[in-house]
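# Commentary on secondary and tertiary structure
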Amino acid sequence: MKIKSAISICTLVVLFSACSSEKDQVFCDCMTAGEELNNHSKKLLEGAVTQEMADKQQVLLKTKKEKCKNYQTMSGPEMQKRKEACKE
């Protein structure tokens, strides 16, 4: 009986470990949206801003907010872990 319980526990641990390291594509999309917004913001700071550029900034900001809304309260270590998984 104890052996079956130990095997069950080990199986669950392995399953949870595998699930926690999986790539979260929604999170990866959030990171990509943030990078696009940052890159565009840098361009705005480097020179004259046209209305088209300002409009694009608003669209990028809205996209980022939408894609990242579920991750606003995520801890730093968890965010780093998911960010690393996106690179794989």
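Just above, that's the structure.
The following paragraphs examine the structure supplied in this document. Everything numeric in this text was worked out from a predicted model, so none of it was measured. (Residues numbered from 1 in each chain as written. Predicted model: local features only at pLDDT ≥ 70, side-chain atom pairs only at ≥ 80, totals over all residues. Heavy atoms only, no water.)

## What about helix α2 (residues 25-46)?
- Between its first and last C-alpha atoms α2 spans 32 Å; for 22 residues at 1.5 Å apiece the expected length is 32 Å, and the two agree.
- Among the residues of α2, those classed as buried are Phe 27, Cys 28, Cys 30, Ala 33, Gly 34, Leu 37, His 40 and Leu 44.
- Among the structural elements, α3 (51-68) and α4 (76-87) are those in contact with the buried residues of α2.
- In this structure Asp 24 caps α2, since a side-chain oxygen of it lies 3.2 Å from the backbone nitrogen of Val 26. (Helix = DSSP H or I, 4+ residues; strand = E, 2+ residues; numbered from the N terminus. Expected span 1.5 Å × (residues − 1). Buried < 20%, exposed > 50% of the residue type's maximum accessible area, 1.4 Å probe, protein only. Contact = heavy atoms within 4.5 Å. Polar contact = N/O pair within 3.5 Å; in protein donor to acceptor, adjacent residues only side chain to side chain.)

## Some thoughts on the pattern of salt bridges
- Summed over the entire model, instances satisfying the criterion amount to four salt bridges.
- The residue Lys 69 makes a salt bridge to Glu 66 at a minimum N-O spacing of 2.9 Å.
- The salt bridge involving Glu 78 is made with Arg 82; its shortest N-O contact spans 2.9 Å. Here Arg 82 and Glu 78 lie together in helix α4, a separation of four residues that amounts to about one turn.
- According to the relative accessible area criterion, Glu 78 is partly exposed, its value standing at 26%. (Salt bridge = Lys/Arg side-chain N within 4 Å of Asp/Glu carboxyl O.)

## What about the packing of α2 against α3?
- Running from N to C, α2 and α3 point in directions that differ by 155°, and their axes come no closer than 9 Å. Overall, the two elements α2 and α3 adopt an arrangement that is roughly antiparallel. Considering the relative orientation of α2 and α3, their crossing is left-handed. Within the contact between the two elements, α2 uses Val 26, Asp 29, Cys 30, Ala 33, Gly 34, Glu 36, Leu 37, His 40, Ser 41, Lys 43 and Leu 44 and α3 uses Met 53, Lys 56, Gln 57, Leu 60, Leu 61, Thr 63, Lys 64, Lys 67 and Cys 68. (Axes fitted to C-alpha atoms, helices over the stretch in contact; angles between N-to-C directions. Parallel < 35°, antiparallel > 145°, perpendicular 65-115°, else oblique. Left-handed = near helix turned anticlockwise from the far one by under 90°.)

## A few points about the state of the cysteines
- Enumeration according to the criterion identifies two disulfides in this entry.
- Between the sulfur of Cys 30 and that of Cys 68 lies a disulfide, 1.9 Å long from S to S. Of note, the bridge from Cys 30 to Cys 68 carries an S-S torsion of about 110° and is right-handed in sense. Separated by 38 residues along the polypeptide, Cys 30 in helix α2 and Cys 68 in helix α3 bring together distant segments of the chain.
- Cys 30 gets classed as buried once you look at its relative accessible area, which sits at 5%.
- Judged by relative accessible area, which is 4%, Cys 68 ranks as buried.
- Looking at the chain, its bonded cysteines, counted consecutively from the start of the sequence, adopt the pairing 1-4, 2-3. (Disulfide = S-S within 2.5 Å.)

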